[in-house]
Amino acid sequence: MTRPSVQDLIEAYSRWVRDNTVLRDVGDYVEITTPYLDRHNDHLQIYARRTDGGFELTDDEYTIRDLRLSNCDPDTPKRRRMMEAVLNGFGVKRAGDALTVVTSIDNFPERKHRLVQAMLAVNDMFFVAEANVASLFREDVEAWLEASEVRFTPEVSLTGRSGLTHHFDFVIPKSKAWPERVVRAISNPNKQAAESYSFAWMDTQEARAEGTEAYALLNDSKRPPAAEVVQALREYKIEPVMWSDRNRVRDRLAA
């Protein structure tokens, strides 16, 4: 059986998104139900409204409102800084509790993708942020990298072969001893998170320097990720690293 090419996988992924997207008129807006699931296993929905020369897209306050209903305050100084960094990485604005982007007709698919990915990133970022949790997983990862004397650039957006922009939490530059490394911190390592990162890596790796490596730091503080999640990452040459076993790759990342 012939192994599918990267292009085949990208086209299959795009077809899956297209075939599983549902539209519905809601007043002045079009409700777009996407195939992406939030932490409640509900399909993410966004809303599009025509403006002069383009569209305004919004999550209608769903993402942040859901955090508040889960007793997670998104407006503590630490969490607000973190959210601003994540949203800036996707080019998404916060207007009150709504996440929004403005787009031209030509940029609609890419901006829609950015908004959905931002919703997933904020949702994922706060997944373990209960009232008694003092820090966020991504901040923990960044603090560990700094303590390990790893040189990195945070919050990097890279454009893939599909034309879509993908977000990476950290990019570690090439050294004499080791190639460039990209890292994503995944606080809720489920199947969807693995598929999202795998697609981002497949779509961008050919544009990176030869030998670039991808790592996924997986939060296993509450429970270990399912075997299928770990296997999915390995299938696409992403090194899964349990947070409890992070020192295993410290020298590789610091090299």
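Below you will find a few notes about this structure. (Residues numbered from 1 in each chain as written. Predicted model: local features only at pLDDT ≥ 70, side-chain atom pairs only at ≥ 80, totals over all residues. Heavy atoms only, no water.)

### Focus on the packing of aromatic side chains
Under the criterion given, the structure shown has six aromatic pairs. Ring centres of Phe 55 and Phe 108 lie 5.3 Å apart, and the angle between their planes is 70°; this geometry places the pair in the edge-to-face category. Of this pair, Phe 55 sits in strand 4 (residues 54-58) while Phe 108 sits in helix 4 (residues 108-125), placing them 53 residues apart in sequence. Among the residues examined, Phe 55 registers a relative accessible area of 15% and is labelled buried. Ring centres of Phe 152 and Phe 170 lie 5.3 Å apart, and the angle between their planes is 85°; on these two criteria the pair is classed as edge-to-face. With Phe 152 in the loop between helix 5 (137-147) and strand 7 (153-159) and Phe 170 in strand 8 (residues 165-172), this pair connects stretches of sequence that are 18 residues apart. Among the aromatic residues, those joined into a cluster by ring pairs are Phe 137, Trp 144 and Trp 243. In this structure, Arg 246 packs its charged tip against the face of Trp 243, placed 4.0 Å from the ring centre. (Phe/Tyr/Trp six-rings, centres within 6.5 Å; stacked < 30°, edge-to-face > 60°. Helix = DSSP H or I, 4+ residues; strand = E, 2+ residues; numbered from the N terminus. Buried < 20%, exposed > 50% of the residue type's maximum accessible area, 1.4 Å probe, protein only. Lys NZ or Arg CZ within 6 Å of the ring centre and 35° of its normal.)

### Digging into empty space enclosed by the protein
Counting across every chain of the model gives one cavity of 30 Å³ or more. Its volume calculated, the largest cavity comes out at about 510 Å³. Lining the largest cavity are 31 residues; nearest its centre among them are Gln 117, Leu 120, Ala 121, Asp 124 and Arg 184. Within the residue set of the lining of the largest cavity, elements represented by two or more residues are helix 3 (77-90), helix 4, helix 5, strand 8, strand 9 (181-186) and helix 6 (191-204). No other element matches helix 4, which puts seven residues into the lining of the largest cavity. Each residue belonging to the lining of the largest cavity can be placed in one class, and the counts come to 14 nonpolar, eleven polar and six charged. (1 Å grid on protein atoms, 1.4 Å probe; cavity = no way out; pocket = protein on both sides within 12 Å on 5 of 7 lines; lining within 4 Å. Points joined across faces, edges and corners; volume = space filled by probe spheres on them. Nonpolar A, V, L, I, M, F, W, Y, C, P; charged D, E, K, R; others polar.)

### Side note on unusual backbone geometry
Positive phi, normally seen in glycine, also occurs at Glu 155, with a value near 55°. Positionally, Glu 155 belongs in strand 7. Of note, Lys 237 is a non-glycine position whose phi angle comes to about 60°, a positive value. Assessed through its relative accessible area of 64%, Lys 237 is described here as exposed.

### Here's the deal with the pattern of salt bridges
Between side chains of opposite charge, a pair can form when the charged atoms approach closely. The final tally for this structure, using the stated rule, is 18 salt bridges. The shortest N-O distance in the salt bridge between Asp 97 and Arg 68 comes to 3.0 Å. In this pair, Asp 97 is assigned in the loop between strand 5 (93-95) and strand 6 (98-104) and Arg 68 in helix 2 (residues 62-69), connecting sequence segments 29 residues apart. Take Asp 97: its relative accessible area is 18%, and that puts it in the buried class. Taken together, the salt bridges that share partners define one network made up of Arg 68, Asp 75, Arg 80, Arg 94 and Asp 97. (Salt bridge = Lys/Arg side-chain N within 4 Å of Asp/Glu carboxyl O.)

### Focus on helix 7 (residues 227-235)
Here helix 7 has its buried residues at Val 229, Val 230 and Leu 233. Taken around the axis of helix 7, the buried residues stretch over an arc of 95°, which confines them to a single face. Exposed and oriented more than 90 degrees from the buried face of helix 7 are Ala 227 and Glu 228. Here the buried face of helix 7 lies against helix 6, strand 10 (213-218) and strand 11 (238-242). Positive backbone phi, approximately 60°, marks Lys 237, located one or two places after helix 7. (Arc of directions from axis to C-beta. Contact = heavy atoms within 4.5 Å.)

### Observations concerning the packing of helix 1 (residues 6-19) against helix 6
Packing of helix 1 against helix 6 leaves a shortest axis separation of 10 Å and a crossing angle of 130°. Relative to helix 6, the element helix 1 is oriented oblique. For the crossing formed where helix 1 meets helix 6, the hand is left-handed. Within the contact between the two elements, helix 1 uses Val 6, Leu 9, Ile 10 and Tyr 13 and helix 6 uses Phe 199, Met 202 and Asp 203. Among the residues making up the contact of helix 1 with helix 6, the classes are represented as six nonpolar, no polar and one charged. (Axes fitted to C-alpha atoms, helices over the stretch in contact; angles between N-to-C directions. Parallel < 35°, antiparallel > 145°, perpendicular 65-115°, else oblique. Left-handed = near helix turned anticlockwise from the far one by under 90°.)

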